[in-house]
Every structure is written in C-alpha cells, then in structure tokens.
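Here is how the chains run, residue by residue.
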Amino acid sequence: QTKAIFELLDHYGIRDNVVGLCQDTTSANVGNKQGVTVCSGKECDKLLLRIDCRRHVTELFMKHFASAVSGRETSAPGDTMFKKYRSKFDLIRERIDYDALNTFQWPQEDSFMYRKAMEVLTLVQRMLDTNTFTRGDYKELAALVYIYLSGNTEIRGQRFQFSLPHNISHARFMQRALNYITLELLDNQADYMNYTLAERREVKLLAEFSALFYTPMFLQSSLAAEAPYLDIKNIRDMRQLVRVCQEEVDRDENEENNRVKLEAAKSALSNVYFHPDYLTPSNIVMSLAGDMMSVEDKTIVARAIWEALQAAGGRVPSFPYKAEFYKKLDVCSIWPEEEEKPDLRNFIGHDSLLIFHLLGQGDSICLSWLTLEPGEWNRDPSYEIFRRFVKGMDVVNDVAER
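By convention here, each chain's residues receive numbers from 1 onward along its written sequence. This being a predicted model, a pLDDT of at least 70 is required before a residue's local features are given, and a value of 80 or more before pairs of side-chain atoms are given or counted; all residues contribute to the totals for chains, interfaces and linings. Where side-chain values are given, they derive from all heavy atoms of the structure, hydrogens and water being excluded.

A.B. asks: So what's going on with the environment of Leu262? Which residues, and what values?
C.D. replies: A run of H or I in DSSP counts as a helix once it spans at least four residues, and a run of E counts as a strand once it spans at least two, with each numbered from the N terminus. Tracing the backbone through its elements, the reader meets Leu262 in helix α11 (residues 256-273). Aside from chain neighbours lying at most four places away, what touches Leu262 is Val242, Cys245, Gln246 and Val249. Residue contacts follow a heavy-atom distance rule, with two residues in contact if any of their heavy atoms lie within 4.5 Å.

What follows is the structure, encoded as structure tokens:
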C-alpha cells in the first residue's frame, strides 16, 4: 500500500508536499512496525503527522459500549429489533402521538448526567438553528437527540416527523444510533416490538448513551483545531460516567441494568485510552488554533512549546524518522485517573515542534507569538498561517467510506 501511494505521489511530483496521513486505525494503517504510517515515514525519512480519522475512532468507542450492553458484536448479523421495526413501521406510522413520546428522564440538577444532558441539548439546538449539516442523516441525528432531551417536537417552526426506518450500515454506528433513539421515543407506541427484558435494557441504555456521548463526539469529529480539547473532555466525561455507574451499582448491587451499564462504560473508556492520537506531543498543539480550550490552558501549552524550542537551540532544522515516534501514548501515566484535570505541560515535548517545522516555522522568530497572550496571537502572520492550516486539515477520511 505504501509503495502504491508513493508511486502515485511521484507520478504527480508531489512527494515532498506530504506532511501527514489521515487513516482509519486498522493495524494495516497504524501498526507501529509495518503500518502504512510507519512505512511512509521510513520512505520519506522524516516524521509525518499521524491524523487518525475521528469519525472512525468515535465508531469504535461506541461499538465497545454497545457490545458490552447487547452481549454481541455490533458488526454481526441479527439486528432483529431493527428488522422488526422496519417491517412493521407502517402499522403505527399514521397513529404516532408526537405528544406522548418517551423522552429522557432528567436527573437532579447538580448531577453529572444533568450537566451532560444540558451541554448536549445546547449543542444540538445550536446546530439545528444554524442548519449547516453536510448530510441529511447528521441533521436527523441532531433532531432526534433534541426531541429526546427536550420533549419539543417542533424544530425551526416545523413539526418533526419520524423518517422511514434506516437500513443498518456495518461501516458506522450512526444508523444504529438513529434506530435506538427512535425506538426509545416510540417505546409506548410500538407495541408490536414485544421486547424481552434484555432488549428493553439495550434500547434504553444505548439510546441514552448515543444521545449524551456518541452524538456530540460524532457531530464535532471534523473540527481539527478542537480535537485535542474534545478528546480531553471525553476522557474526563467517561471517567466520571464510570464513577457514577459504580455509585449506582454500590447502591443496588442486584440491579442488572446498573451492572451492565458499568461494564459498558468501562469498556468504552478503555477504548478511548487506546486512541489518544490527538493528545500526542505532535498533535496536541493543534488546540492552539481552536476556540474551545481555555485561555489559561492555551497559555500553558504555548509556554511549554516555547520551552521545547529553546531546549532545541531556538531552531529545528529537521525531523528525521524515528521508531519511538509511533509508540502508543499512555494517557494514564501522564494523567492519572485520580486527577480531575491533566497537567498539559506533560503532553508537550520536542515532537510538539513537528507541525511548525512542516510549515517552515521551526524557529524562534516565527514562533515568537508563543510568548504572547492568546488574545494577541491573531495579530501575528505566522500564527495565522498555522491557524488556517490546522482549521483546514482533514481529520476525517469520509471520502474513503462513501
């Protein structure tokens, strides 16, 4: 695969223009010995940015939660609930009572789950108001989550109606999320479903998790400059969810739903730890081009990068290939689970200068903006070049999945 890629690059004479690779996280692509990312770095004899597809990583995260809940691999055949819903939808289509949907049961206001639900409701409402979705099913997902959380079936002055049931794609989880949330909303009206206790638990838990955790990750997955911040936030949220689930189990050890939810949350968190590519020293610097990270945290990251530059003598002339660059980042070793916030300086190193070197900015003059307050960065031409590059970077490889 690497040979074919570089033959094509050489055909067009653009080998020297390559600065990174965007890919799904299969071992053929990202294996630290024979993966295409490693082989491409060797071929170029330089380090290249590793840009894992954020939609793909989100799918894996969700599948781990779903598999723990359902007790089966989500890529396997046998989605009997969805088939039953699709085959008999016409039986209820004309008599759906949109004022009697089964919506989210809000917890007490000072709880983590309440704050998370409010955060997601605000996000999807803003997205629906601006209506800038690139695909119709993305908009449908936002609409279903909005209805599930708010109970309001009117969106931008129009009455919502359920679309025809989706066929299930094994390439991504989103169609399943659409089905789970829909089935939860129709729980009191689709009596033909005749759920077993395990099926009812599956619908309830996966509708809730799809709405509160999967949807904000998926719908914001293309935001390159926000990727490091969103990954840090997701780790914090998943750690908190595990703690909340553990407390629920401790209160009632005999409640099967609580035990299943706890194991699913632990499985999802373990998968999050396995995909920390936007928290690596080379990629966490992308957050400086974003708007979500706090000014305080941006300042910490910027000062640490400046210190790394000075330790390198104020200039980085090259980044030759090195095998250790591709070693998996151990998040918990630099951000222990008992610490609520990470010390962002621990994520910065010499490799944090890579993106600037690739942009021809690996020196103290070009990077002097790192010593300024974040509010002053946009006055510096070098920062604007960096910001535009990061914001224009593709961190999802949708073209490979169409």
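Next, the rest of the story.
A.B. asks: Would you mind going over empty space enclosed by the protein in detail, with residue names and values included?
C.D. replies: Space inside and on the surface of the protein is sampled on a 1 Å grid over the protein atoms alone, with a cavity defined as a set of points where a 1.4 Å probe fits but cannot get out and a pocket as an open set with protein on both sides within 12 Å along at least 5 of 7 lines; lining residues have an atom within 4 Å of a point. Grid points are joined across faces, edges and corners, and a volume is the space filled by probe spheres set on the points. Considering all chains together, one arrives at two cavities of 30 Å³ or more under this definition. When its volume is computed, the largest cavity comes out at roughly 70 Å³. Sorting the residues of the lining of the largest cavity by element identifies α7 (136-150) and α8 (174-185) as the ones contributing at least two each. Broken down by element, the residue count for the lining of the largest cavity peaks at three residues, all from α8. When residue character is reported, Ala, Val, Leu, Ile, Met, Phe, Trp, Tyr, Cys and Pro are called nonpolar, Asp, Glu, Lys and Arg charged, and the others, Gly included, polar. Residue composition of the lining of the largest cavity, grouped by class: six nonpolar, four polar and one charged. Reported here for the second largest cavity is a volume of approximately 30 Å³. The wall of the second largest cavity is formed by Phe65, Met113, Leu205, Glu208, Phe209, Phe213, Leu241 and Lys261. It is helix α9 (residues 197-219) that provides the largest number of residues to the lining of the second largest cavity, a total of four residues. For the lining of the second largest cavity, the residue count by class is six nonpolar, no polar and two charged.

A.B. asks: Kindly report on the state of the cysteines, identifying the contributing residues and their values.
C.D. replies: Two cysteine sulfur atoms make up a disulfide if the distance between them is within 2.5 Å. Under the criterion given, the structure shown has zero disulfides. Distance from the sulfur of Cys245, which forms no disulfide, to the nearest cysteine sulfur (Cys332) is 17 Å. Remark: exposure states derive from per-residue accessible area (1.4 Å probe, protein chains only) relative to the maximum for the residue type, with buried under 20%, exposed over 50%, and partly exposed in between. Judged by relative accessible area, Cys245 falls into the buried class, the value being 1%.

The analysis is restricted to geometry; functional conclusions fall outside its scope.
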